[in-house]
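# Structural overview
Residues per chain, in single letters:
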Amino acid sequence: MTQVAILMGSRSDWKIMENAANTLDSLGIGWEARALSAHRAPRELAEYCEQAEERGIRVVIAGAGLAAALPGTVAALTSLPVLGVPMATAAFGGADAMLSMAQMPAGVPVGTLGVGRHGAVNAALMATAILALSDADVRDALKAFRAAQTAEAVRGSDVTQ
């Protein structure tokens, strides 16, 4: 069952947003991905957001760079949780996108994660944590992921030869 929508401002953002998809796959979370620019395809984006919840979407991960209008626009068009992933840009390294997402007006929240790959992975984990609130199987998958992550960190903690 598809529960997470991964949206991006353009197809070129997939290189980063694919990390969210791969993380969701590893946790057994169903997702769908679309490139829908808030600036270039506003009607299509509005239609997508209006239909998302009835199609089973429970969380939206939205990645964008530059003005980063996509996450905020999505948050304005749906009551679903929206997690924003800023894309790195040549001019400002993604700081512009991160600030655009973080500085949303009261009443239109976007949970803003870090720039790039780390932000995409963490957005997928945050989406999973949201879903885990009402799904024991998802909660168990997230706990197993975190336990494996901890075991890997401990296994690699010995710095002596």
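A few points on the structure. Fair warning: this is a prediction, and the values are worked out from it, not measured in the lab.

## Quick word on the overall build of the protein chain
- Within the protein chain, the secondary structure is distributed over six helices and five strands.
- For the protein chain, the succession of helices and strands along the chain, N to C, is β-α-β-α-β-α-β-α-β-α-α.
- Compactness check: the protein chain gives a C-alpha radius of gyration of 16 Å against a globular reference of 15 Å for 161 residues, within 12% of the reference.
- When its C-alpha atoms are laid out on the principal axes, the protein chain stretches across 55 × 40 × 30 Å.
- Classification of the 161 residues of the protein chain by burial places 42% in the buried group.
- A separation of at least 24 residues holds for 67% of the contacts in the protein chain among residues at least 6 apart in sequence.
- Summed over all atoms, the accessible surface of the protein chain reaches about 8,700 Å², with 54% contributed by carbon and sulfur.

## Topic: the nonpolar core
- Counting residues in each nonpolar core, the largest one holds 25 residues, and the members touching the most others are V4, I6 and I61.
- Element by element, the count of residues in this core is highest for helix α5 (residues 117–132), at eight residues.
- Not counting residues up to four positions away in its chain, the partners in contact with V4 are L24, I29, G30, W31, E32, I57, V59, I61, A127 and L131.
- In terms of nonpolar packing, the next biggest core, distinct from the first, is built from 22 residues, L45, I57, V60 and V74 among them.

## Looking at helix α6 (residues 136–155)
- Its 20 residues give α6 an end-to-end C-alpha distance of 28 Å, which sits within 8% of 28 Å, the value for a rise of 1.5 Å per residue.
- In this structure D135 caps α6, since a side-chain oxygen of it lies 2.9 Å from the backbone nitrogen of D137.

About the thresholds
Residues numbered from 1 in each chain as written. Predicted model: local features only at pLDDT ≥ 70, side-chain atom pairs only at ≥ 80, totals over all residues. Heavy atoms only, no water. Helix = DSSP H or I, 4+ residues; strand = E, 2+ residues; numbered from the N terminus. Rg over C-alpha atoms; globule rule 2.2 N^0.38 Å. Buried < 20%, exposed > 50% of the residue type's maximum accessible area, 1.4 Å probe, protein only. Contact = heavy atoms within 4.5 Å. Areas by Shrake-Rupley, 256 points an atom, 1.4 Å probe, with all protein chains shown as cover. Core = buried A, V, L, I, M, F, W, Y, C linked by side-chain atoms within 4.5 Å. Expected span 1.5 Å × (residues − 1). Polar contact = N/O pair within 3.5 Å; in protein donor to acceptor, adjacent residues only side chain to side chain.

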